[in-house]
Amino acid sequence: MTAGSDDTRPVTLVSGTLGAGKTTLVNRILQNQAGYDVAVLVNDMGEINVDAELVAGSTDEDVIDLTNGCICCRLRDDLTDEVVRLADERAFDCLLVEASGVSEPFPIAKTFLEEDEVTDRYRLDTMVSVLDAYGFWKEFDPETTRPDGRHPGGRELANVLVDQVEFCDVLLLNKCDLVPDDAIDEVEAVARELQPRASLYRTTYADVSPETVLDTGLFDFDAVRRSAGWKRQLAGEHEDSHDRADGEGDHGVSSFCYESTRPFHPERFNTWIDEWPSGVYRAKGFFLLPTRSETVMGLNRAGPSVTAGPIGEWRADDEPATRLVFIGTDVDEAAIREQLADCLLTDEEMADADAFSDPFPTA
Ligand SMILES: Nc1nc2c(ncn2[C@@H]2O[C@H](COP(=O)(O)OP(=O)(O)OP(=O)(O)O)[C@@H](O)[C@H]2O)c(=O)[nH]1
């Protein structure tokens, strides 16, 4: 889905975790616009917009600064006003939006897909994720320390990171200078499992040409939604190099979907979540509990952070079932399936489905 008519301007949305190299990329593009006249919109969480100050080689009118908050949460109206004003007041070819490191890209993208005033003037063209390859590698290999001794930061951001990898057209594995080659291979394998259809580049100081991220025509809303690793799995598909009998891609990265129409024993399943199988760094989906027959219970685990709780109600035409996707490295799928089967209610327990205590949150 690309909204708008031919005279709309292409929008490139750059997201990525804190310090991944977004500003470095934006600077690079501004310094080498390759024949494009590029306008830039930046947003930062701090009171002082460090990013706007750091974006070099630009006059004030090139760079619009949305300080005081994160675009995706508080500034959606401001974002709409600013991009509309920009389009009406200035001539330029492409808009480059740098999201703050804690913004989720999807809500920003929605502004460019759903707001009529915006879609009259712009079309979402390319979603770029800049990944701190070092931080990502470190996330799954806690023994590693950075040469300068600093922690790459923010384990709690793991959820954001996964969303950013899953929802993009172009993925830059940046800071490759800090990661040994064999580890980059592994990071790439993980990233490809999470997002198989993105164009992927290994970069140092975001060294890509402007054509890689500007006016690419790559954005395809439905394809992005469909192809994110876990959604693809939930839909029962499995493609390309990962379509193997054992479900395993390169470097031992694999994924599988567990399904059952029989509910889990609430406490057994909760204990299983606490213990968690080794190697699984991504899990997403929903599950059934006898104590919540009307409720869709969601499970979402990214790196070390996990949430499990109600995410909605089953609708009349739904077929309630547990569907959980697991992605990990050297995962023992058979063992996990067996453990999960042990968490299901037994026939005896099914007969007395009211007799459970339920440790999961209610809201
Ligand atoms: N070693 C190394 N450092 C890099 C690379 N890319 C960027 N950096 C450095 O990492 C730091 C953060 O880069 P930025 O471009 O400011 O990152 P950002 O994503 O805009 O950061 P936030 O706006 O805080 O989220 C800077 O000191 C960069 O010079 C790289 O490929 N290798």
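Just above sits the structure.
Note that the coordinates shown come from a computational prediction; the quantities given were computed from them, not determined experimentally.

**What about unusual backbone geometry?**
For Tyr205, which is not a glycine, the phi torsion comes out positive at approximately 50°. In this fold, Tyr205 is placed in the loop between strand E7 (199–202) and helix H9 (221–227). Tyr205 sits in the partly exposed class, given 13 other C-beta atoms within 10 Å. Non-glycine residue Ala206 carries a positive phi angle of around 50°. Mapped onto the elements of the fold, Ala206 is located in the loop between E7 and H9.

**Looking at the nonpolar core**
Residues Leu13 and Leu131 are the most contacted members of the largest nonpolar core, which totals 71 residues. The dominant element in this core, judged by the number of residues it contributes, is strand E5 (residues 122–132), at six residues. Split by domain, this core shows at least three residues from each of two domains, domain 1 (9–227) and domain 2 (239–351). Setting aside residues up to four positions removed in sequence, Leu131 forms contacts with Gly16, Ala20, Phe136, Val165, Leu171, Leu172, Leu173, Asn174 and Ala191.

**Quick notes on the environment of Val42**
Mapping Val42 onto the fold places it in strand E2 (residues 38–43). Overall, the presence of 26 C-beta atoms within 10 Å leaves Val42 in the buried class. Counting along the chain gives 19 residues from Val42 to Thr23, while the straight-line C-alpha distance between them is 8.8 Å.

Basis of the calculations
Residues numbered from 1 in each chain as written. Predicted model: local features only at pLDDT ≥ 70, side-chain atom pairs only at ≥ 80, totals over all residues. Helix = DSSP H or I, 4+ residues; strand = E, 2+ residues; numbered from the N terminus. Buried ≥ 20, exposed ≤ 12 C-beta atoms within 10 Å, placed from the backbone. Core = buried A, V, L, I, M, F, W, Y, C linked by C-beta atoms within 7 Å. Domains from an automatic or database assignment. Contact = placed C-beta atoms within 7 Å.

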